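Structure at a glance
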Protein chains: 2
Amino acid sequence: MRNFKVLMAYKGTAYHGFQRQSNAYTIQQAVEEALTQLIGEEITIFGCSRTDAKVHARQFCFSFKTESAIPCEGIINGANNILPNDICILSCEQAHEDFHARYCCKGKEYEYRILNSSMKNPFLSDSTCLIQKHIDERLLNEQAKAFVGTHDFKAFCSADCDKENTVREIFSFNVRREGEIVIFTVSGSGFLYNMVRIMVGTLVYIGEGKIEKDSIPELFEKGDRTLAGKTLAPQGLILNRVFY
Amino acid sequence: MRNFKVLMAYKGTAYHGFQRQSNAYTIQQAVEEALTQLIGEEITIFGCSRTDAKVHARQFCFSFKTESAIPCEGIINGANNILPNDICILSCEQAHEDFHARYCCKGKEYEYRILNSSMKNPFLSDSTCLIQKHIDERLLNEQAKAFVGTHDFKAFCSADCDKENTVREIFSFNVRREGEIVIFTVSGSGFLYNMVRIMVGTLVYIGEGKIEKDSIPELFEKGDRTLAGKTLAPQGLILNRVFY
């Protein structure tokens, strides 16, 4: 069996997330159907992570095995011809037989985009979250540093999170503004369910005075989801990079 | 009855065009429902034109009448709160009782966007049409000038077009490149069904050598739709401006 490591990009708007579901169309289903059609063999892919409905990826990694002798270029061009234009295979290489996109992943970088404007923008509605109150991105950038390091993120994951171990390491967390867009970039060893959207929601609440400044260490200590900020909308979230 | 002139912007991806349909969700239905809910009175709006499914508008004009005393600011803010984020009311003013968005319209400007790249871009898939062969935008800009003036556009409208009079005036037609995006901007007195998408498709065919250079005057003369280029995909089309 040959084992492949594939990078792809997708716009998640039209999909119910990455992972296959019995009753909704997902990225995994679209890609598996394209590869199965191309290779002529039932293909199962293993993604580096789940992404929620409407979440995007600039770089998502998956692995799959096949008996076929199809060359990497053939996978890239063939799959891109079959896949819809909101999913694009970026690269494909043959990997060690033990490579697994999820278990070998050493970290990820996410971006969260807020449209900080008094006016909605129809052309950014599926790639940003609208917040009309002015955001002080310098304050949020400063406050975001409290997330960096190894912490128990129990207060920053969804109640639906099924992980027993909620300790994760954040490598970096930066906030900057580009015109009306405030961009949050966070990289780390791993992320719990909804963790990025809750961390950004907490920073926004700090900016709005709904959560006290410099209180992130206390939120870690208490581990109480209800004390953190709200889970921001999925469409502002983009998986930027995956590290191996 | 007070009569209002309203400008709005929308991203057409999620809608089956502007005009109300019995079996599909349209921009008109979304806006009428929002205004009816806001004003508490059954509202019917009159659009400056139809737009097809997946076509966008940076500036679309509609008019509507109401007995209500609601101020213009109340219409803008109230409707924007109710409407989804892919539709935005830009302005609203009280107009003469005879004003009608469609019948008073003196012209429109459309933009058509081609992603001219060897690679698909998932993030531009709903706002551009992908053409992988290199486009010579200077040649197309030069050829586009043949559309300017008053002509019979019979060869450049869909077979489904129900207009008897197919004479229209084009004020200007320019083609430029911004990186990988080739942008066609055309303004005119009025446009037949699919006319912009067919004119741009014809220019692309001229660039590819499928239609001879300098043959647009001949296409006008023959008036045969089958001799012109193909109708390009709707998602590349944007209604830019409406003139009154």
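The shown structure was predicted, so the numbers you read here are calculated from the model rather than taken from an experiment. (Residues numbered from 1 in each chain as written. Chains lettered and ligands numbered in written order. Predicted model: local features only at pLDDT ≥ 70, side-chain atom pairs only at ≥ 80, totals over all residues. Heavy atoms only, no water.)

Quick word on the overall build of chain A
- In terms of helices and strands, chain A carries five helices and ten strands.
- Computed over its C-alpha atoms, the radius of gyration of chain A comes to 19 Å, within 12% of the 18 Å expected for a compact globule of 244 residues.
- Taking the principal axes of the C-alpha coordinates as reference, chain A spans close to 60 × 40 × 30 Å.
- Taking all 244 residues of chain A together, the buried fraction comes to 55%.
- Here the contacts in chain A between residues at least 6 apart in sequence split such that 70% fall between residues at least 24 apart.
- Entry remark: accessible area of chain A is about 11200 Å², with carbon and sulfur atoms responsible for 46%.
- Positive and negative charge centroids in chain A, built from 28 and 30 side chains respectively, lie 4 Å apart. (Helix = DSSP H or I, 4+ residues; strand = E, 2+ residues; numbered from the N terminus. Rg over C-alpha atoms; globule rule 2.2 N^0.38 Å. Buried < 20%, exposed > 50% of the residue type's maximum accessible area, 1.4 Å probe, protein only. Contact = heavy atoms within 4.5 Å. Areas by Shrake-Rupley, 256 points an atom, 1.4 Å probe, with all protein chains shown as cover. Lys, Arg positive; Asp, Glu negative; His and termini not counted. Charge placed at Lys NZ, Arg CZ, Asp CG, Glu CD.)

Quick look at helix 4 (residues 195–207) of chain B
Residue and element names in this part refer to chain B.
- With 13 residues, helix 4 should reach 18 Å at 1.5 Å per residue; the first-to-last C-alpha distance of 18 Å fits that figure.
- Taking burial as the measure, the 13 residues of helix 4 include eleven buried ones, the bulk of the element.
- Turning to helix 4, its buried residues are Met195, Val196, Arg197, Ile198, Met199, Val200, Gly201, Thr202, Leu203, Val204 and Ile206. (Expected span 1.5 Å × (residues − 1).)

Observations regarding the packing of aromatic side chains
All names here are of chain B.
- Summed over the entire model, instances satisfying the criterion amount to 26 aromatic pairs over all chains.
- Ring centres of Phe147 and Phe173 lie 5.5 Å apart, and the angle between their planes is 25°; on these two criteria the pair is classed as stacked. Placement of the pair is Phe147 in the loop between helix 3 (137–144) and strand 7 (149–152) and Phe173 in strand 8 (residues 167–178), with a sequence separation of 26 residues.
- Under the relative-accessibility criterion, Phe147 is labelled buried at 0%. (Phe/Tyr/Trp six-rings, centres within 6.5 Å; stacked < 30°, edge-to-face > 60°.)

Describing the environment of Ser127(A)
All names here are of chain A.
- Residue placement: Ser127 occurs in the loop between strand 5 (107–116) and strand 6 (129–131).
- For the pair formed by Ser127 and Glu164, sequence separation is 37 residues and the distance between their alpha carbons is 32 Å.
- Setting aside its immediate chain neighbours within four residues, Ser127 contacts His56, Arg113, Gln235 and Gly236.

Some details on the pattern of salt bridges
Residue and element names in this part refer to chain A.
- Applying the stated criterion across every chain, the model contains 22 salt bridges over all chains.
- A salt bridge links Asp126 to Lys11; the nearest nitrogen and oxygen atoms lie 3.0 Å apart. In this pair, Asp126 is assigned in the loop between strand 5 and strand 6 and Lys11 in the loop between strand 1 (2–10) and helix 1 (27–39), connecting sequence segments 115 residues apart. Assigned by exposure class, Asp126 and Lys11 land together as buried.
- Its salt-bridge partner being Glu32, residue Arg20 comes within 2.7 Å of it at the nearest N-O pair. (Salt bridge = Lys/Arg side-chain N within 4 Å of Asp/Glu carboxyl O.)

Considerations on empty space enclosed by the protein
- This structure, assessed with the given rule, holds three cavities of 30 Å³ or more.
- Put simply, the largest cavity is a space of about 50 Å³.
- Grouping the amino acids of the lining of the largest cavity by side-chain chemistry returns four nonpolar, two polar and three charged.
- By volume, the second largest cavity amounts to about 40 Å³.
- Split by residue class, the lining of the second largest cavity holds three nonpolar, four polar and one charged. (1 Å grid on protein atoms, 1.4 Å probe; cavity = no way out; pocket = protein on both sides within 12 Å on 5 of 7 lines; lining within 4 Å. Points joined across faces, edges and corners; volume = space filled by probe spheres on them. Nonpolar A, V, L, I, M, F, W, Y, C, P; charged D, E, K, R; others polar.)

A look at the relation of the copies chain B and chain A
- Aligned on chain A, chain B shows an RMSD of 0.0 Å; the corresponding rotation is 180° and the shift along the axis is 0.0 Å. In short, the pair behaves as if placed about a two-fold rotation axis. Every residue of chain B has its C-alpha some distance from the rotation axis, and the shortest such distance is that of Ala14(B), at 4.7 Å.
- Taken together, the interface assignments show that 100% of the residues at the interface of chain B recur at the interface of chain A, consistent with an identical surface on both copies. (Least-squares fit on C-alpha atoms with pLDDT ≥ 70 in both.)

As for the packing of helix 3 of chain B against helix 4 of chain B
Residues and elements named next belong to chain B.
- As a packed pair, helix 3 and helix 4 sit with axes 10 Å apart at the nearest point and diverge in direction by 125°. With respect to helix 4, the element helix 3 is oriented oblique. Every pair of crossing elements has a handedness; the one defined by helix 3 and helix 4 is right-handed. Side by side, helix 3 and helix 4 meet where Leu139, Leu140, Gln143 and Ala144 of the first sit next to Leu203, Val204, Ile206 and Gly207 of the second. (Axes fitted to C-alpha atoms, helices over the stretch in contact; angles between N-to-C directions. Parallel < 35°, antiparallel > 145°, perpendicular 65-115°, else oblique. Left-handed = near helix turned anticlockwise from the far one by under 90°.)

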